[in-house]
Amino acid sequence: MRIDVVTTFPEMFGPVLDASILKRAREAGIISLSVHDLRNWTTDAHRTTDDSPYGGGAGMVMKPEPFFAAVEELRCAGSAECAEEIILLSPQGELFSQHAARELSSRQHLMLLCGHYEGVDERVRQHLATRELSIGDYVVTGGELPAMVVIDAVARLLPGALGAEEGAETDSFSDGLLEYPHYTRPAEFRGWQVPDVLLSGHHEEIRRWRRRESLRRTRAKRPDLLRRAPLSEEDRKLLAEIEEEEGGV
Ligand code: 9D3
């Protein structure tokens, strides 16, 4: 997969892209990432990327021309495929999700556009972006950190990006439930014991315990996920046991 990022803060990306999974995926040739400075597509001596808003008001708006010029130059360059998605990171975008990450991971070539200041000229959203994504209902100072979140979530789904150990399929969210509790040595730490069942060696009991705890946790912390999760006959039995133990909530 090829990913082109367009930003006024290209230096923010280096340390993240050179670490961990993203570094490994790039070295393995699974992903090819280029970060471009939006200022390369300005035409004035000051390399201006923003201007005051029509209609007045505080703050600045990012100009449309540099974004259009960047996308028009990069969209069909550097990969066999023209970018299928031009993604604008924006607080008004569709909420990014594991589902969206899976969708994007099937593409050959993505472009991510990062805004800043008070926002981006509306014509970028309407006539250039194919999709607008937000990473959540809180304000960060620009689209750069959200772009890195999207890149990380997508890259780890590409075949070969994770080690054999950490298959993306066993993830929380792949079956719609939160993960069960994890423990490692020591078996007792400051008086807190690891649950006996995990030390028992009874694989079937361990599997059932983990599934029950996964259901218990999801019910307590994310009932919205539980309502949407595909549940087996066994899951319903386990949930009935949990409800018996804990009463209504
Ligand atoms: C005054 C209204 N603000 C919108 C909530 C203006 C504004 C604040 C921050 C406009 C842009 C930004 C910069 N943030 C992003 O570009 C951004 C973002 C975010 O702030 N939260 C979650 N996801 C994203 S994706 C891009």
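Residues numbered from 1 in each chain as written. Predicted model: local features only at pLDDT ≥ 70, side-chain atom pairs only at ≥ 80, totals over all residues. Heavy atoms only, no water.

> Help me out: how do you make sense of the site of the ligand in this one?
Around the ligand there are 16 residues in total, and Ser90, Ile135, Gly136, Tyr138 and Val140 lie nearest to it. Between tyrosine 138 and the ligand, the recorded distance is 2.7 Å, taken from a backbone N or O atom to a nitrogen atom. In this structure, an oxygen atom belonging to the ligand sits 3.5 Å away from a main-chain N or O atom of glycine 143. The protein chains hide 75% of the 570 Å² of surface that the ligand would expose on its own. Contributions of two or more residues to the shell around the ligand are made by β5 (85-95) and β7 (131-134). (Near = heavy atom within 4 Å. Polar contact = N/O pair within 3.5 Å; in protein donor to acceptor, adjacent residues only side chain to side chain. Areas by Shrake-Rupley, 256 points an atom, 1.4 Å probe, with all protein chains shown as cover. Helix = DSSP H or I, 4+ residues; strand = E, 2+ residues; numbered from the N terminus.)

> Would you explain the sheet that holds β7 in this entry?
Across a sheet, strands are paired by hydrogen bonds formed along the backbone, either parallel or antiparallel in direction. In space, the 5 strands of this open sheet follow the order β2-β1-β6-β5-β7, with parallel pairing throughout. Edge strands, defined here as strands with exactly one partner in the open sheet, are β2 (32-37) and β7. Across this sheet, the average inter-strand angle for adjacent strands is 30 degrees, counted without regard to direction. Inspection of the sheet shows β5 paired to β7 by 5 bridges, in the parallel sense. What sits directly across from isoleucine 87, in β7, is arginine 131. (Pairing = 2+ DSSP bridges. Axes fitted to C-alpha atoms, helices over the stretch in contact; angles between N-to-C directions.)

> Would you take a moment to explain the nonpolar core for this structure?
For soluble globular proteins, nonpolar side chains are generally found buried alongside one another. Judged by nonpolar contacts, the single largest core of 30 residues is most densely connected at Ile3, Phe96, Leu104 and Leu112. Within the residue set of this core, elements represented by two or more residues are β1 (2-7), α2 (20-27), β5, α4 (98-104), β6 (109-114) and α6 (144-155). Listed in part, the 17 residues of the second largest apolar core include Met62, Ala70, Leu74 and Ile86. (Core = buried A, V, L, I, M, F, W, Y, C linked by side-chain atoms within 4.5 Å. Buried < 20%, exposed > 50% of the residue type's maximum accessible area, 1.4 Å probe, protein only.)

> Even after reading the chapter, I still don't get the side chain of threonine 218, so can you show me in this structure?
Mapped onto the elements, threonine 218 comes out in helix α8 (residues 203-221). Judged by relative accessible area, threonine 218 falls into the buried class, the value being 0%. There is a polar contact of 2.7 Å between the side chain of threonine 218 and the backbone oxygen of serine 214. Ignoring anything within four residues of it in the chain, the contact list for threonine 218 reads Leu177, Leu178, Pro223, Leu225 and Leu226. (Contact = heavy atoms within 4.5 Å.)

> Would you take a moment to explain the environment of cysteine 114 for this structure?
Within the fold, cysteine 114 resides in strand β6. According to the relative accessible area criterion, cysteine 114 is buried, its value standing at 0%. With 47 residues separating them in the primary sequence, cysteine 114 and phenylalanine 67 have C-alpha atoms 9.6 Å apart. Cysteine 114 has contacts with Val5, Val6, Thr7, Phe13, Met62, Phe67, Gly143, Glu144 and Ala147, leaving out every residue within four places of it along the chain.

> Where do I start with the state of the cysteines in this structure?
Covalently bonding the sulfur atom of one cysteine to the sulfur atom of another cysteine gives a disulfide. Per the counting criterion, the structure on display carries 1 disulfide. Between the sulfur atoms of cysteine 76 and its disulfide mate cysteine 82 the distance is 2.0 Å. When the S-S torsion is 115 degrees, as for the bridge of cysteine 76 with cysteine 82, the disulfide is right-handed. (Disulfide = S-S within 2.5 Å.)

> Got a minute to help me understand the packing of α8 against helix α10 (residues 233-246) in this structure?
When two helices pack together, you describe them by how their axes are tilted relative to each other and by the distance separating the axes. Closest axis-to-axis distance for the α8/α10 pair is 9 Å, and the angle between their directions is 65 degrees. Viewed along their axes, α8 and α10 form a crossing whose handedness is right-handed. Residues Arg207, Arg208, Arg211, Arg212, Leu215, Arg216 and Arg219 of α8 form the contact with α10, whose participating residues are Glu234, Asp235, Leu238, Leu239, Glu241, Ile242, Glu243, Glu245 and Glu246. Tallied by class, the residues present in the contact of α8 with α10 amount to 4 nonpolar, no polar and 12 charged. (Left-handed = near helix turned anticlockwise from the far one by under 90°. Nonpolar A, V, L, I, M, F, W, Y, C, P; charged D, E, K, R; others polar.)

> Got a minute to help me understand helix α3 (residues 64-74) in this structure?
Think of an α-helix as turning once every 3.6 residues; residues three or four places apart then point the same way. Listed in full, the buried residues belonging to α3 are Pro64, Pro66, Phe67, Ala70, Val71 and Leu74. Against β1, β2, β4 (61-62), β5, β6 and α5 (122-127) lie the buried residues of α3.

> What is the right way to look at the environment of isoleucine 31 in this model?
Tracing the backbone shows isoleucine 31 in the loop between α2 and β2. A C-alpha to C-alpha distance of 29 Å links isoleucine 31 and methionine 62, two positions 31 residues apart in sequence. If we skip the residues at most four places from it in the chain, isoleucine 31 touches Met1, Ile3, Ala25, Arg26, Ala155 and Leu158.

> Help me out: how do you make sense of the packing of aromatic side chains in this one?
For any two aromatic rings, the description comes down to two numbers: the centre-to-centre distance and the angle of the planes. Within this structure, the stated rule accounts for 1 aromatic pair. For the ring pair phenylalanine 189 and tryptophan 192, a centre distance of 6.0 Å and an interplane angle of 50 degrees mean the geometry is tilted. Take phenylalanine 189: its relative accessible area is 42%, and that puts it in the partly exposed class. Note on tryptophan 192: relative accessible area 58%, which makes it exposed. (Phe/Tyr/Trp six-rings, centres within 6.5 Å; stacked < 30°, edge-to-face > 60°.)

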